[in-house]
Amino acid sequence: LIGAYGASQAQMAQAINQQTAYLVQARDTLAVAEVRADMAETYAAVQAGRTLKRAEMEAQNYQIAGNTLLKNMRRANAAARARAAAAGVAFGEGSAAGIQRENVAATMRDVGIADLNALTARVLGFEDATAMLQSTEYQNYLNLFQARRGAGQLESAAAITRRTGGLMAGATLTEGAGRFARAV
């Protein structure tokens, strides 16, 4: 009877030990998933910031190109007016004025394209950064869901192990008591 009692207590201790291992593993699974999610979120925020900065720099380059076009147009128009004035022609009329109007029209089309490109760069940069953050958020949600499910399975396994250990210990003790009863 004493041997059966000792064996049943050993089975119970083994079940508690296994239960503890499952519970620790469940806790660690959740903790690691949460740390990974935090790190992924931080990394995505940094990458999104870089994407936005790169888009802003690209937009500024387009604006600089537009300003350069305007500066060159002013030079070309000034040269056309100077040539007309040097030739004794009224630079605000006739062919000199026509050249200037064409220079302005062509430059404004190019500046409009540069402005559109700058706006497009900003919009696409914002969309890329937003998509990056949303993608990370969705992935973190899935990873945490999976970790919670895994932890839940481990907690279930821990509970089953504890119950099974208790049943086995009870069976061992009952068997020992039966042998003791037959011996007495």
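Scroll up to find the structure this text is about.
Keep in mind the model is a prediction, meaning the values are calculated, not measured. (Residues numbered from 1 in each chain as written. Predicted model: local features only at pLDDT ≥ 70, side-chain atom pairs only at ≥ 80, totals over all residues. Heavy atoms only, no water.)

### Details of the side chain of Thr107
Note the threshold: Think of it this way: any DSSP run of H or I at least four residues long counts as a helix, any run of E at least two long counts as a strand, and we number them from the N terminus. Here a polar contact means two N or O atoms within 3.5 Å. Within protein one must be a hydrogen donor candidate and the other an acceptor candidate, and residues neighboring in sequence count only if both atoms are side-chain atoms. By definition, residues are in contact when any of their heavy atoms lie within 4.5 Å.
With respect to the helices and strands, Thr107 occurs in helix 2 (residues 94-183). In this structure the side chain of Thr107 is engaged in a polar contact, spanning 2.7 Å, whose partner is the backbone oxygen of Asn103. Residues in contact with Thr107, not counting those within four places in the same chain, are Leu69, Leu70 and Met73.

### Things to note about the environment of Ala65
Rules: Note on exposure labels: buried denotes an accessible area under 20% of the residue type's maximum, exposed denotes more than 50%, and partly exposed covers the range between, all computed with a 1.4 Å probe on protein chains only.
Structurally, Ala65 can be placed in helix 1 (residues 2-86). Its relative accessible area of 35% is what places Ala65 among the partly exposed residues. Taking the C-alpha atoms as reference, Ala65 lies 64 Å from Tyr22; in sequence the two are 43 residues apart.

### Quick look at a negative patch on the surface
Definition in use: Patch membership requires more than 30% relative accessible area and the absence of a salt bridge. Residues of like charge join within 9 Å; the nonpolar side chains Val, Leu, Ile, Met, Phe, Trp and Tyr join within 5 Å. Per-residue accessibility takes into account occlusion by the displayed protein chains alone, with areas from the Shrake-Rupley method and a 1.4 Å probe. We define a salt bridge as a side-chain nitrogen of Lys or Arg found within 4 Å of a carboxyl oxygen belonging to Asp or Glu. In this charge count, Lys and Arg are treated as positive and Asp and Glu as negative; neither His nor the chain ends contribute. Just so you know, the charge point we use is NZ for Lys, CZ for Arg, CG for Asp and CD for Glu.
Together, Glu34, Asp38, Glu41 and Glu137 give the surface a local cluster of negative charge. If you tally residues by element for the negative patch, the top one is helix 1, at three residues. Position of Glu34 relative to the elements: it lies in helix 1. By relative accessible area, which is 42% here, Glu34 ends up partly exposed.

### Re the environment of Tyr43
Tracing the backbone shows Tyr43 in helix 1. Placed 90 residues apart in sequence, Tyr43 and Leu133 show a C-alpha to C-alpha distance of 9.5 Å.

### Quick word on the packing of helix 1 against helix 2
Applicable threshold: Note on geometry: axes are lines fitted to C-alpha atoms, helical ones only across the stretch in contact, with angles between N-to-C directions running from 0 to 180 degrees. Angles below 35 degrees are treated as roughly parallel, those above 145 as roughly antiparallel, those between 65 and 115 as roughly perpendicular, and all remaining angles as oblique. Throughout, the ten residues Ala, Val, Leu, Ile, Met, Phe, Trp, Tyr, Cys and Pro are labelled nonpolar, Asp, Glu, Lys and Arg are labelled charged, and all others, Gly among them, are labelled polar.
Helix 2 packs onto helix 1 with a crossing angle of 180° between their chain directions and a minimal axis gap of 8 Å. With respect to each other, helix 1 and helix 2 are oriented roughly antiparallel. Its residues assigned to classes, the contact of helix 1 with helix 2 shows 47 nonpolar, 23 polar and twelve charged.

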